[in-house]
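So you can see what is in the structure, the chains are spelled out below.
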Amino acid sequence: MNPEKQIQLKNNKGECLTLRLREYRQGDEGGMIACIRDEYGETYFKRGFYRSEYIKKQAEEGNITFLVAQTMSGEIAGMLILKQFYPEEAMCEIASQIFRKKYRGWGLAMPFFEYGMEILLSRSYSAAYCLPVTFHPITQVLLYRLGLRAAGFVLNVFDMEKIVHSYQNGRNIKHSQAVQIMPLGKKDAGMLYIPRKHQAFCRAVYESAKAAYQFAPEKETCCVQEKIPEKSNISYINDEVQSSLEIRIYWAGRDLKQRIGAIHARFPLQGKQTSNIFLNCSDPYAVWAYECLENMGYFFTGLKPLCSEKEYIILHNPGETVIYFEDYAVSGEFASLLYYVRVCYEQQYKIKDNYKDSQVP
């Protein structure tokens with residue numbers, strides 16, 4: 001059990017609030033679920049978090065470390081989770097910081113993140129990782145202060161008709177996530193096979209995170225197709241509620257187009273159905289695979305770096321979903337990455353440049 005921490009906060013009226021930050025204990029489930037319901041009603045996408053038995057099981061098995069902020073009267077004011085992904089990935093995700101509405105305005109978010117980071121840093125992970133929302137920039141800004149850096153986006157993940165929250169969505173009908181990373185145990189990405197046109201973006205990401213890397217010489221990324229392995233190694237999962245498909249390509253083979261086409265046939269990119277692909281760019285055939293995926297309607301949205309032995313490029317296919325990038329709420333650090341991604345989107349779909357007057361550099 002991690003040690004507790006007592007903090008004192010003051011709001012803009014000069015009132016004081018004392019809280020205990022501590023690890024979850026059995027009996028906290030009701031207060032945690034109340035936090036979720038206060039913000040999301042019955043629409044939070046992590047459906048298991050509404051069930052006490054699920055919370056208990058995840059905590060007992062060590063998959064998730066649940067943290068709570070508790071008032072001196074015993075009420076749970078907020079929750080935060082640290083999630084691990086062994087054995088497939090070695091990072092720890094900082095996620096689900098949710099407060100009861102009456103405890104907003106006290107400045108609790110930053111000390112709660114700091115408490116979570118103290119616990120995270122006491123353990124052995126390849127990286128600290130977060131997928132902050134893009135309908136407000138608060139988490140992006142606070143985690144930047146703690147050392148996490150922008151790496152890209154996972155677009156159109158959640159159906160906004162299925163999720164209720166306190167912020168504005170703008171015109172987007174699906175909610176996207178940003179990707180933030182801080183290297184811990186893994187500080188060298190190794191040899192990367194990345195399309196030349198995206199190397200400047202990727203260089204900036206790895207250098208911002210202060211991680212070592214190498215780009216394979218271009219002659220090594222130009223594959224003779226006969227040398228490519230016959231079969232791809234792929235996994236996928238589709239969230240039917242959110243109409244969101246996630247495909248992971250561990251290794252590319254000559255059957256890549258056929259395999260991805262078969263997945264699309266099962267989950268057609270129609271209506272709100274969208275797809276994100278994580279392509280292993282430690283694979284010598286990743287550039288060839290990227291070109292195949294680009295020809296199938298996917299475009300580059302960034303990196304998922306330093307989370308496992310493999311490094312990943314992220315690609316997105318929005319299907320019929322229109323993306324209004326100017327309605328995203330992002331920090332200054334993410335703004336330049338977002339501009340780059342929407343240019344990729346425009347070029348892929350030959351959309352007229354609607355952003356030439358944008359304030360984003």
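In this text the structure is predicted, and so the values were computed from the model without any measurement.

### Re the packing of aromatic side chains
Step number 1: In this structure the tally under the stated criterion is 21 aromatic pairs.
Step number 2: Among the aromatic residues, those joined into a ring-pair cluster are Y24, Y40, Y44, F45, F49, Y54, F66 and F158.
Step number 3: Positioned over the ring face of F278 is R248, at 5.5 Å from the centre of the ring.
Step number 4: Over the aromatic face of Y312 sits the side chain of R248, whose NZ or CZ is 5.2 Å from the ring centroid.

### Quick word on empty space enclosed by the protein
Here the idea is plain: a probe the size of a water molecule rolls over the atoms and shows the empty space left.
Step number 1: Taken as a whole, this structure holds one cavity of 30 Å³ or more when the rule is applied.
Step number 2: In this structure, the largest cavity spans a volume of roughly 90 Å³.
Step number 3: In terms of lining residues, the largest cavity is bounded by T134, F135, M160, Q168, N169, N172, K174, H175, S176, D327 and Y328.
Step number 4: Along the lines of polarity and charge, the residues of the lining of the largest cavity split into three nonpolar, six polar and two charged.

### Description of the pairing of strand β7 (residues 149-159)
Step number 1: Extensive coverage of β7 is indicated by the burial of eleven of its eleven residues.
Step number 2: Pairing of β7 with strand β8 (residues 174-183) involves seven bridges; the strand directions are antiparallel. Residue pairing in the sheet places G152 in a bridge with V179 of β8.

### Details of the nonpolar core
Step number 1: F66, I247, I249, I260 and I277 are the most contacted members of the largest nonpolar core, which totals 88 residues.
Step number 2: With near-sequence residues (within four places) excluded, I277 lies in contact with I247, I249, I260, L293, Y298, I313, I314 and L315.
Step number 3: Core analysis: the next-biggest nonpolar cluster, separate from the first, contains 32 residues, L80, F99, Y103 and L143 among them.

### Some points on the state of the cysteines
Step number 1: One pass over the structure, following the stated rule, counts zero disulfides.
Step number 2: The thiol of C344 is not disulfide-bonded; the next cysteine sulfur, from C202, is found 10 Å away.
Step number 3: What makes C344 buried here is its relative accessible area of 10%.

### Some thoughts on the packing of helix α1 (residues 29-40) against helix α2 (residues 52-61)
Helix packing for two helices is described by the angle between their axes and how far apart those axes are.
Step number 1: Packing of α1 against α2 brings their axes to within 10 Å, and their N-to-C directions diverge by 110°. Relative to α2, the element α1 lies roughly perpendicular. Relative to α2, the crossing made by α1 is right-handed. Along the contact surface, α1 presents E29, M32 and I33, while α2 presents S52, I55 and K56.
Step number 2: Along the lines of polarity and charge, the residues of the contact of α1 with α2 split into three nonpolar, one polar and two charged.

### Thoughts on the pattern of salt bridges
Step number 1: All chains considered together, the criterion is met by 21 salt bridges.
Step number 2: For E246, the salt bridge identified is with R248, shortest N-O distance 3.6 Å.
Step number 3: With relative accessibility at 31%, the residue E246 sits in the partly exposed group.
Step number 4: When its relative accessible area of 7% is taken as the criterion, R248 is described as buried.
Step number 5: A cluster of three or more residues bridged by salt bridges with shared partners is formed by E88, E89, E246, R248 and K304.

### Quick word on helix α4 (residues 138-145)
Step number 1: All of the buried residues along α4 are T139, Q140, L142 and L143.
Step number 2: In the core, the buried residues of α4 are packed alongside β5 (92-99), α3 (109-121), β6 (127-130), β8 and α9 (332-349).
Step number 3: Taken from the residues just after α4, G147 is the one with a positive phi, measuring 110°.

Parameters at a glance
- Every chain's residues receive numbers from 1 upward, in the order its sequence appears when written.
- pLDDT decides what is reported in this predicted model: residues at 70 or higher carry local features, side-chain atom pairs at 80 or more are listed and counted, and totals for whole chains, interfaces and linings draw on all residues regardless.
- Side-chain calculation: all heavy atoms of the structure are included, whereas hydrogens and water are not.
- Only the six-membered ring of Trp is used, alongside the rings of Phe and Tyr, when aromatic pairs are assigned; centres must lie within 6.5 Å, and planes under 30 degrees apart are stacked while those over 60 apart are edge-to-face, with the rest tilted.
- Only lysine NZ and arginine CZ atoms are considered, and such an atom sits over a ring when it is within 6 Å of the ring centre and within 35 degrees of the ring normal.
- Cavities and pockets are defined on a 1 Å grid built over the protein atoms alone: a cavity is a set of grid points where a 1.4 Å probe fits but cannot escape, while a pocket is an open set with protein on both sides within 12 Å along at least five of seven lines, and lining residues are those with an atom within 4 Å of any such point.
- Grid points are joined across faces, edges and corners, and a volume is the space filled by probe spheres set on the points.
- Three residue categories are used. Nonpolar comprises Ala, Val, Leu, Ile, Met, Phe, Trp, Tyr, Cys and Pro, charged comprises Asp, Glu, Lys and Arg, and polar comprises the others, including Gly.
- A 1.4 Å probe rolled over the protein chains alone gives each residue an accessible area, and that area as a share of the maximum for its type sets the label: buried under 20%, exposed over 50%, partly exposed in between.
- Secondary structure elements follow DSSP: runs of H or I of four or more residues count as helices, runs of E of two or more count as strands, with numbering from the N terminus.
- Here a strand pair is declared whenever DSSP counts at least two bridges between the two strands.
- Grouping buried Ala, Val, Leu, Ile, Met, Phe, Trp, Tyr and Cys residues that are joined through side-chain atoms within 4.5 Å yields what is termed a nonpolar core.
- Here a residue-residue contact requires only that any non-hydrogen atoms of the pair lie within 4.5 Å.
- The criterion for a disulfide is a pair of cysteine sulfur atoms lying within 2.5 Å.
- Between N-to-C directions, angles span 0 to 180 degrees; the directions come from axes that are lines fitted to C-alpha atoms, helices contributing only their stretch in contact.
- Angles are sorted into four bins: roughly parallel if under 35 degrees, roughly antiparallel if over 145, roughly perpendicular if 65 to 115, and oblique for all others.
- Left-handed describes a crossing whose near helix is turned anticlockwise from the far helix by less than a right angle; the clockwise case is right-handed.
- Only one rule defines a salt bridge in this text: a Lys or Arg side-chain nitrogen within 4 Å of an Asp or Glu carboxyl oxygen.

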